[in-house]
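Overview (structure and organization)
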Amino acid sequence: MSAFSDVELLQDFLTEAGDLLEDVDSKLVELEQRPEDAELLATVFRGFHTIKGGAGFLEATHLVELCHKTENLFDLLRAKKLLLNAEMMDSIMAATGEVHRMFGEMRNGQQPGAAPFELLDALDDAIHGRTAAPAVAAAPDEQLQPTLIADEPASPLGSTALAHDNFFGDELDWAALYEAAVGVPPRELEQAALSVDMATAAISRQAAAAVRPKAAPPKAKAAAPAAAVQKENTIRVDTARFDQILNLSGEIGLTKNRLNCLFQTIAGSGSNEDAIKSLDTVMGQLDMLVSDLQSAVMKARMQPVGRVFQKYSRLARDVSRQLGKDVELVIEGAETEVDKSILEELNDPLIHLVRNAVDHGIETIEDRIACGKNPKGIVNLSARQTGDHIVIEIQDDGRGMRPEIIREKAVEKGLINAEEAGQLSVQDSLQLIFLPGFSTKDQISDISGRGVGMDVVKTNIQRLNGRIEIQSDPGQGSTITILLPLTLAILPVLMLKLEEQIYSLPLSCVREIIPIEEDKVQYVGSKPTMVVRGEVIPLLDLAVLIGRESSPTPKVGVLAISSNKACILAVDSMVGQDEVMIKPLDGVKPKGVAGATLSGEGLLVLVLELRELIEGKL
């Protein structure tokens, strides 16, 4: 049996070789700046040599052939028998692109096809010292080809559920929502609890109140969309972190055994003060252990942003050469860690931002010299942790953005009218670049001009519960700042009530809680508003937004902000602040809902998606 048919062996090779190739890509960009660096030449040589060895074991002959030729070229370079030049580097970059392409075919279970003859000939010419036209570089990696999904952004939870057009309404199947969040229907959960004498009145109330007698059956799922680029489903974790998780799970097991013993003692002897005190102590220990375990698991999922950042050096190099510019990408804070799921979703936005910085931001060499600047443009990509958030900045020293030109282009493309443009501040004008269809380019190229890019960037960042800001100094450059939570698994929320039903809002969009007094409610164009510190803010009834009957006298207002739009949500009362683990609602996700969780009493709590709720209401 061929080794290629061994799925586990193939996956191990692709994981190891993929890391090696990413390292080779980043080292090649450095090598272009220091072509005689012996250590860099040796590192790249070893990378191709190792990949070739694994490919040979898997009988991937075309991959072996390509790596062998590239390895031979680097053997001559490190022996100083050849000198690296621009044409030779183009052929090498094209070779790494082909290796990425072959890895993609192997992930799909296929032996990789042969590299183009032009590339193999170019490598042979370079090895023998002959001058040849450089091979055209292939796309470096499918992960560097952004997937544009702007029409229907997914929930921040990564759910594949179909978002219904209606909000809550009569068709909302609370039983299905409960089952999607918990894994079993409410009544099954109640029966399971009764079987071990641990049922609570809270679950009974939930089953009676939440399940509607005539709930419509769940709608059939839509056909699955075309398969997207397969995401990496493995993660590398320091063994010390898993040792900590193992120890904590063992401690929790011992504490669970103590709880069982105490439960039996209390159940058998009625009221026992000593047993109750011991139970209180054990519950405190269990609470601490569970918190520590959650923290340890979160740390195990954290990955350095450098794993993604290092790919963009190659991207910036290829785009700048295509445009005839001299651009260097400087990476800072590569060791900063963020949750793996967020890191994967960051790929598309950062591709757009790096490409835009090189294409739109950095001037041509001639223009930079005329302005008295260094001919080489600098794009700085940095990351840092601030509290429980990660801050990513893309900064360039290029031409900057001129608000008046942005406004003119937006009016020209019919995105806003002249009257609206005249009322925009500088910051609001810069935000126009995120409108769908906006572009400052008059002609469409392979790199830009279609007006799909920055709107996708903003949509994807909002999906991650983040926000994006712009600062620009005309003639000096621009800085785009992305602020993101460190993880999406545990979400701080504000619990609030409409009648007896609890809902929650992500705390990131909540600014303050204010009382609603009738004499302070003002009407502007027949719409209720309130004045908060001199600012007129729309007042929206949350019950109406989610399709319930309006409360006659809502008492509390939640001042919330989404997409730079402020509103006050009128609710009946506040429950408090909490940190919850979100459950996706596969197949039954209504529009305006991000997911669901359970309260401490076992009640179903829907986590609301503010941006969807207020869309078109302000």
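Residues numbered from 1 in each chain as written. Predicted model: local features only at pLDDT ≥ 70, side-chain atom pairs only at ≥ 80, totals over all residues. Heavy atoms only, no water.

Turning to the overall build of the chain, a few remarks are in order. Each helix and strand in the chain was counted, giving 21 helices and 18 strands. For the chain, the proportion of its 618 residues judged to be buried stands at 46%. Within the chain, residue pairs in contact and separated by at least 24 positions form 70% of the contacts whose partners lie at least 6 positions apart. Of the roughly 31400 Å² that the chain leaves accessible, carbon and sulfur atoms contribute 52%. (Helix = DSSP H or I, 4+ residues; strand = E, 2+ residues; numbered from the N terminus. Buried < 20%, exposed > 50% of the residue type's maximum accessible area, 1.4 Å probe, protein only. Contact = heavy atoms within 4.5 Å. Areas by Shrake-Rupley, 256 points an atom, 1.4 Å probe, with all protein chains shown as cover.)

The next thing to look at is the pattern of salt bridges. In this structure the tally under the stated criterion is 28 salt bridges. The partner of Glu30 in a salt bridge is Arg34, and the shortest N-O contact between them spans 3.5 Å. Here Arg317 ties to Asp90 by a salt bridge, and the two come within 2.9 Å at their closest N and O atoms. With Arg317 in helix α12 (residues 311-323) and Asp90 in helix α4 (residues 86-107), this pair connects stretches of sequence that are 227 residues apart. Among the residues examined, Arg317 registers a relative accessible area of 6% and is labelled buried. Since its relative accessible area comes to 14%, Asp90 is described here as buried. Bridged by salt links that share partners, the residues Asp25, Glu32, Asp90, Arg314, Arg317, Asp318 and Arg321 form one connected network. (Salt bridge = Lys/Arg side-chain N within 4 Å of Asp/Glu carboxyl O.)

Moving on, we come to the sheet that holds strand β8 (residues 490-498). Within the open sheet, the five strands sit side by side as β16-β8-β9-β18-β17. Their pairing is mixed. Of all the strands in the sheet, just β16 (573-581) and β17 (593-598) have a single pairing partner and so form its edges. In this sheet, adjacent strand axes meet at a mean angle of 30° when their direction is disregarded. Bridge analysis of β8 against strand β9 (residues 501-506) gives six bridges, and the strand direction is antiparallel. Counted as the bridge partner of Met495 is Ser504 from β9. (Pairing = 2+ DSSP bridges. Axes fitted to C-alpha atoms, helices over the stretch in contact; angles between N-to-C directions.)

Bringing the packing of aromatic side chains into the picture now. How two aromatic rings sit relative to each other is given by the distance of their centres and the angle of their planes. Applying the stated criterion to the full structure yields two aromatic pairs. Seen in terms of ring centroids, Phe13 and Phe103 are 5.9 Å apart; in terms of plane orientation they differ by 85°. Their pairing is edge-to-face. Here the residue Phe13 occupies a position in helix α1 (residues 7-33), and Phe103 occupies one in helix α4, the gap between them amounting to 90 residues. When its relative accessible area of 11% is taken as the criterion, Phe13 is described as buried. Taking 6.2 Å as the distance between ring centres and 25° as the angle between the ring planes, the aromatic pair formed by Phe48 and Phe74 counts as stacked. Highlighted residues: Phe48 in helix α2 (residues 38-57) and Phe74 in helix α3 (residues 61-78), separated in sequence by 26 residues. Exposure remark for Phe74: the relative accessible area of 0% places this residue in the buried category. Over the face of the ring belonging to Phe45 we find Arg78, whose NZ or CZ atom lies 3.7 Å from the ring centre. (Phe/Tyr/Trp six-rings, centres within 6.5 Å; stacked < 30°, edge-to-face > 60°. Lys NZ or Arg CZ within 6 Å of the ring centre and 35° of its normal.)

Ranked by internal contacts, the top residues of the largest apolar core, which has 48 residues, are Tyr312, Leu350, Ile392, Ile394 and Ile482. Take this core: its biggest share by element is six residues, from helix α14 (residues 347-361). With 44 residues, the next largest nonpolar core counts Phe48, Leu63, Phe74 and Ala126 among its residues. (Core = buried A, V, L, I, M, F, W, Y, C linked by side-chain atoms within 4.5 Å.)

Here we come to the side chain of Asp541. With respect to the helices, strands and loops of the structure, Asp541 is situated in strand β13 (residues 535-541). Here Asp541 is buried and forms no salt bridge, its nearest opposite-charge partner Arg548 lying at an N-O distance of 8.6 Å. In this view, Asp541 contacts Ser550, Ser551 and Ala570; residues no more than four positions away in its chain are not counted. (Lys, Arg positive; Asp, Glu negative; His and termini not counted.)

Moving on: the sheet that holds strand β5 (residues 389-396). If you trace the five strands from one edge of the open sheet to the other, you get β2-β4-β5-β7-β6, paired in mixed fashion. At either end of the open sheet lies a strand with only one pairing partner, and these are β2 (327-332) and β6 (467-473). With strand direction ignored, the average angle separating the axes of adjacent strands in the sheet is 15°. Bridging between β6 and strand β7 (residues 477-485) involves seven bridges; their strand directions are antiparallel. Note that in β7 the partner of Arg467 across the bridge is Leu483. Packing of α12 onto the sheet brings it into contact with β2 and β4 (377-386), and relative to β2 it is tilted by some 165°.

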